[in-house]
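Here are the chains, one letter per residue:
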Amino acid sequence: MNLHFINARLIDPEAQTDAIGSLAVADGVIVADAPEGAATIDCGGKCLAPGLIDWGVKIGEPGERHKESLRSAAAAAVAGGVTTIIARPDTLPPIDSPEALEFATRRAAEVSARVRHQAALTRGREGAEMVEMAFLSDAGAIAFTDGVRVTTNTRLLSRAMTYARGIGALIVGHPQDADLSRGASATSGKFASLYGLAAVSTMAERMGLERDLALVELTGARWHADQITAACALPAIERARTAGLDVSFGTSIHHLTLNEFDVGDYRTFFRFTPPLRSEDDRVAMIEAVADGRIDVIGSFHTPQDEESKRLPFAAAAPGAVGLETLLPAAMRLYHQGGLSLPQLWRAMSLNPARRLGLPGGRLTAGAPADLVLFDPDAPFILDRFTLRSKSKNTPFDGARMEGRVLGTWVGGAQVYAHE
Amino acid sequence: MTFRARHLLGIEPLSPPEIVSLLDLAETYVAFNRRTVKHSDALEGLTQINMFFEPSTRTQSSFELAGKRLGADVMNMAMAQSSLTKGETLIDTALTLNAMRPDLLVVRHQDSGAVNLLASKVDCAVINAGDGRHEHPTQALLDALTIRRAKGRLQRLTIAICGDIAHSRVARSNLILLGKMENRLRLVGPATLMPAGAADLGCEVYEDMREGLAGADVVMMLRLQKERMDGGFIPSAREYFHRWGLDAEKLACAKPDAIVMHPGPMNRGVEIDGTIADDINRSVIQDQVEMGVAVRMAAMDLLARNLRAERGARAAEESIDV
């Protein structure tokens, strides 16, 4: 299908521009000039941007399809402007063998969004034996991570990083001192003390980050931190960049848009790993995204069924769905003046593509026509039961939001249209 | 003969002429060993004790055979059952042994430097039959002899040493010896099995097997210790073989006349494909075993000559003093 988007407000994260223009697509790829006979789409001055690449999405397949299937995740993704899902390996069983990855990849080929899988770093995510990293890479694993299950065996982690460096694989770490943060459901501070919640200092994040960065320095590995959420971790990032380490850093949309006070009356939809931080931390993270210290924003989509959330705060399963709310939540940052649209798309599309070696995330000729058309100003009140995810655990339930996805294209084919 | 050393503890102290001299003598023992009657009296009247603190079949029997063919009285001490297990220190064992007046001690020990320690405490000649991750000099010498015979020279060759470099004393001794002989050396293997600072050892380092083998004259495979496989340095044997195991397809990257070596024992299907190991046109693995006996005979012969010369000089001095 050949397309010609006209009268569009083009959000170009590479050029960092936001201007009215047109965009042509031929055979699923962005091209310089509209081919003859291309279908014209008048965008009416709305925003046209590269589709979001959401790094760190949990899909419940295999093992927890009642929480989320590949099909429901993809439906939620395209409705939220996400054209590429970078899935997590924390399934049941985890994706820790070429056979498991091949199964997941085969299933993912049937859905409307692009799906790329990360594989576990250790077998069973148990931190004892590294996975067959080379076979998994050959089978399409895009990165290796045990997610929030931090590898405490430093010798093993060091060897895994060395091995990964040898085969050019990317390791994704979760910066957190596992012992210090065990059992915590809130960030240390006045709020946690008043509410009587077991809490962890943000220093646990800095300590975990410092350890991992020391190992990166030792091994020369390519490394990415999944979520940086604490201001006290930022100096370590600056030092690592100055030292020229091959590192990148991510954060979550929830930690950029919510703080610890949002927990309110022990609302378990606000229970996250790591826990929501102070307002000062939140503002520091926005600044770090704006100036490029933090590269990537993801939703860390974590579907949990009602039973997992209808529990006392400390006992409730952490995480929230985010594929469908990533874009409108990001619009909060735009409307508050913290981040421009090109800055947001650099973090939500271009940078993850670059770091993961994907061709998308840009509007230049030759890039795949993975696109999202959206109205950044369209207001709505979010009703969690309208979400396409099987699980409805969102902290934005009932919230006033702005930013509607009007249409989504993957490889030039329209996969979502707002009714 | 230019070989003047008292012990053979490693390749490091040997000069290129000493190495050549030892290999030249070994060459004569190759012919000697192919004779029907294989008996010499080079070590007549001398006592050789083989002390193996670590299990070994090939090296120990090779030394035993070498000593017997040269006429030595050979004794094997099974150190696993020795007084060491009753708490005796290595130095005490050495002193006890020394009191038995041996002439040649052949020692293998699991700790790097242990053979040097022992050599400093005894009056006889000591041969290092492998200490920890440090050196295995007779293996490097037998490899050198094998290469020299197969390629007609021991210089200006491109030699790829592949596999578990980090834990290999064979690799270390070979790096030193073949480096002294001005060859182009490459280390090939996964990053986890590469010693720290490998690039500073005067060789090129490759993590890609095909690149590492490109244009090589000699492909030297090393044993991957199966006991290290689970959760250790590599994810699995099957992944290791896929990426770093020597098969026909990877060997095709080397020169068409490249030889294949392995110090044994081999893990077929892990570091080497069985058909390559058995290919008489490429594999010199059996030649290595044959050269091993000859090289050990040459080493013991030279050390015995030096020992006799030293003792003769000492006796002469003592008679003058009287």
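Criteria and thresholds
Within any chain, residue numbers begin from 1 and follow the written order of that chain's sequence. Chain A is the first chain written and ligand 1 is the first ligand written, with later ones labelled in order. In keeping with the model being predicted, local features are shown solely for residues with a pLDDT of at least 70 and side-chain atom pairs are shown and tallied solely at 80 or more, while totals for entire chains, interfaces and linings include all residues. Each side-chain value is derived from all of the structure's non-hydrogen atoms; neither hydrogens nor water enter the calculation. To pair, rings of Phe, Tyr and Trp, with the six-membered ring standing in for Trp, must have centres within 6.5 Å; the planes then decide the type, stacked if under 30 degrees apart, edge-to-face if over 60, and tilted in the middle. We count a stretch as a helix when DSSP gives it H or I for four or more residues in a row; a strand needs E for two or more, and each element gets its number in order from the N terminus. Classification of residues uses two cut-offs on accessible area relative to the type maximum, computed with a 1.4 Å probe and protein chains only: under 20% is buried, over 50% is exposed, and between them is partly exposed. Either the NZ atom of lysine or the CZ atom of arginine qualifies as a charge over a ring when it sits within 6 Å of the ring centre and within 35 degrees of the ring normal. Here, strands pair whenever DSSP counts at least two bridges between them. All axes here are fitted lines through C-alpha atoms, helices being fitted over the stretch that makes contact, and every angle between N-to-C directions spans 0 to 180 degrees. UniProt positions are given in the numbering used here, feature names are shortened, and annotations may be inferred rather than shown by experiment. Domain delimitation follows an automatic or database domain assignment. Whether two residues are in contact is decided by their heavy atoms, any of which lying within 4.5 Å being enough. The term buried area denotes the loss of accessible surface (1.4 Å probe radius) that occurs when two parts are joined, taken as the sum for both partners. A pairing counts as a salt bridge when a side-chain nitrogen of Lys or Arg comes within 4 Å of a carboxyl oxygen of Asp or Glu. Between N or O atoms, a polar contact is any pair within 3.5 Å; within protein, one atom must be a potential hydrogen donor and the other a potential acceptor, and residues adjacent in sequence are included only when both atoms are from side chains. Three classes are used: nonpolar for Ala, Val, Leu, Ile, Met, Phe, Trp, Tyr, Cys and Pro, charged for Asp, Glu, Lys and Arg, and polar for all others, with Gly counted as polar.

Draft legend 1. Spatial organisation of the packing of aromatic side chains. Scanning all chains against the criterion turns up nine aromatic pairs over all chains. Ring centres 4.8 Å apart and planes at 90 degrees place the aromatic pair F5(A) and W409(A) in the edge-to-face group. Note that F5(A) is positioned in strand β1 (residues 3-12) and W409(A) in strand β16 (residues 400-410), a separation of 404 residues in sequence. On the accessibility criterion, F5(A) (0% relative accessible area) is buried. Using a relative accessible area of 3% as the deciding quantity, one classes W409(A) as buried. Here a set of aromatic residues connected by ring pairs shows up, and it is made of F191(A), Y195(A), F261(A) and Y266(A). For the cation-ring pair, R159(A) lies above F233(B), with the distance from its terminal atom to the ring centre recorded as 3.6 Å.

Draft legend 2. Representation of the sheet that holds strand β14 (residues 296-298) of chain A. All names here are of chain A. The four strands lie next to each other as β9-β12-β13-β14, forming an open sheet whose pairing is parallel. One side of each edge strand has no neighbouring strand; the edge strands of this open sheet are β9 (170-173) and β14. Between one strand axis and the next, the sheet turns through 25 degrees on average, direction left out of account. Examined bridge by bridge, strand β13 (residues 247-252) and β14 share three bridges and lie parallel to one another. Its bridge partner lying in β14, G250 is registered against V296.

Draft legend 3. Layout of the UniProt feature "domain: Amidohydrolase" (unreviewed entry) in chain A. The feature "domain: Amidohydrolase" (unreviewed entry), as annotated in UniProt, sits at residues 337-416 of chain A in this numbering. The span residues 337-416 of chain A is 20% helix and 32% strand, and its two end C-alpha atoms sit 29 Å from each other.

Draft legend 4. Here's a closer look at the domain arrangement of chain B. Residue and element names in this part refer to chain B. Assigned domains of chain B: these are domain 1 (7-135 + 289-306) and domain 2 (137-286). Each of domain 1 and domain 2 was reduced to a C-alpha centroid, and the two centroids are 25 Å apart. Domain 1 puts 35 residues into the contact, and the matching count from domain 2 is 27 residues. Here domain 1 meets domain 2 over a buried area of about 2,600 Å², counting both sides, of which 61% is carbon and sulfur. Linking domain 1 to domain 2 there are four salt bridges. With a closest N to O distance of 3.0 Å, R148 and D24 form a salt bridge. Seen at the junction of domain 1 and domain 2, the total is twelve residue pairs in polar contact (both at pLDDT 80 or more). At the level of secondary structure, the elements contributing two or more residues to the side of domain 1 that touches domain 2 comprise α1 (16-33), α2 (58-69), β3 (104-109), β4 (125-131) and α11 (285-321). With nine residues, α1 is the single largest residue contributor to the side of domain 1 that touches domain 2. Residues that form the side of domain 1 that touches domain 2 fall into these classes: 16 nonpolar, seven polar and twelve charged.

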